[in-house]
Amino acid sequence: LKELDRRTLAPYLKRFQERSDNDLVRNGASWVTKDQARQRQQEADQLIRQSAELLKVRDYKGAHDLLVQASRTDRNGIRASFLLGLLNTPVFFNDAREAEAHFKTVLVRSPSHVSATNNLALTSVRLGRISTAVALWRKASESAPRTPEVTQNLGRLLTEATARRLVVSASEVKKTRT
């Protein structure tokens, strides 16, 4: 490193060394002890279990609120955000923009999560963003080529476009077939 780079990085390196010396880990944008991180994971897991019980009795609003709390508690966890994404699909709340936000949160926290990528692609179709959906399915199929849901969803997109039940440009159809 050049001397200017070393001087620029020195304060950051000192901070990172202090964090390392104090055995700190990231939880979202915060630095916490490993025990605090473990505690947050346990709290989030408990909230997720409670939300599952509410789902069983069809208290979707209560389950939603607990999942939001779980996602905020453990800023590294993906389960609560993934479930929130699913809860906002047409089967439940039918809020594609909200589903999109939660699936994106999962992908920020776990960029190679194939199920979140696939569900984000489905949400993109729902929002009329066909090119985005095709790009997401391509990404999912590259990282997990044997995922039948991705192939099935791409096939369904082609079928719907061919039957003119879904408006898809010729260039988007071509991208899907390649």
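Further up the page is the structure itself.
From a predicted model like this one, the values you see are computed outputs, not experimental measurements. (Residues numbered from 1 in each chain as written. Predicted model: local features only at pLDDT ≥ 70, side-chain atom pairs only at ≥ 80, totals over all residues. Heavy atoms only, no water.)

## Here's the deal with the overall build of the protein chain
No. 1: Looking only at helices and strands, the protein chain has 9 helices and 2 strands in total.
No. 2: In the protein chain, the succession of helices and strands from N to C terminus is α-β-β-α-α-α-α-α-α-α-α.
No. 3: Its C-alpha atoms give the protein chain a radius of gyration of 21 Å, more than 25% over the compact-globule value 16 Å for 178 residues.
No. 4: Dimensions of the protein chain, computed from C-alpha atoms along their principal axes, come out at roughly 60 × 55 × 25 Å. (Helix = DSSP H or I, 4+ residues; strand = E, 2+ residues; numbered from the N terminus. Rg over C-alpha atoms; globule rule 2.2 N^0.38 Å.)

## Observations concerning the side chain of Glu100
No. 1: Relative to the elements of secondary structure, Glu100 occurs in helix α5 (residues 96-109).
No. 2: Here Glu100 is in contact with Leu120, Thr123, Leu127 and Arg129, once residues within four sequence places are set aside. (Contact = heavy atoms within 4.5 Å.)

## A short note on the layout of surface pockets
No. 1: Taken as a whole, the largest pocket holds about 250 Å³ of empty space.
No. 2: As for the largest pocket, its lining consists of Leu122, Val125, Trp137, Gln152, Asn153, Arg156, Leu157, Glu160, Arg165 and Leu166.
No. 3: Looking at the lining of the largest pocket element by element, the count peaks at 5 residues for helix α8 (residues 148-162).
No. 4: Each residue belonging to the lining of the largest pocket can be placed in one class, and the counts come to 5 nonpolar, 2 polar and 3 charged. (1 Å grid on protein atoms, 1.4 Å probe; cavity = no way out; pocket = protein on both sides within 12 Å on 5 of 7 lines; lining within 4 Å. Points joined across faces, edges and corners; volume = space filled by probe spheres on them. Nonpolar A, V, L, I, M, F, W, Y, C, P; charged D, E, K, R; others polar.)

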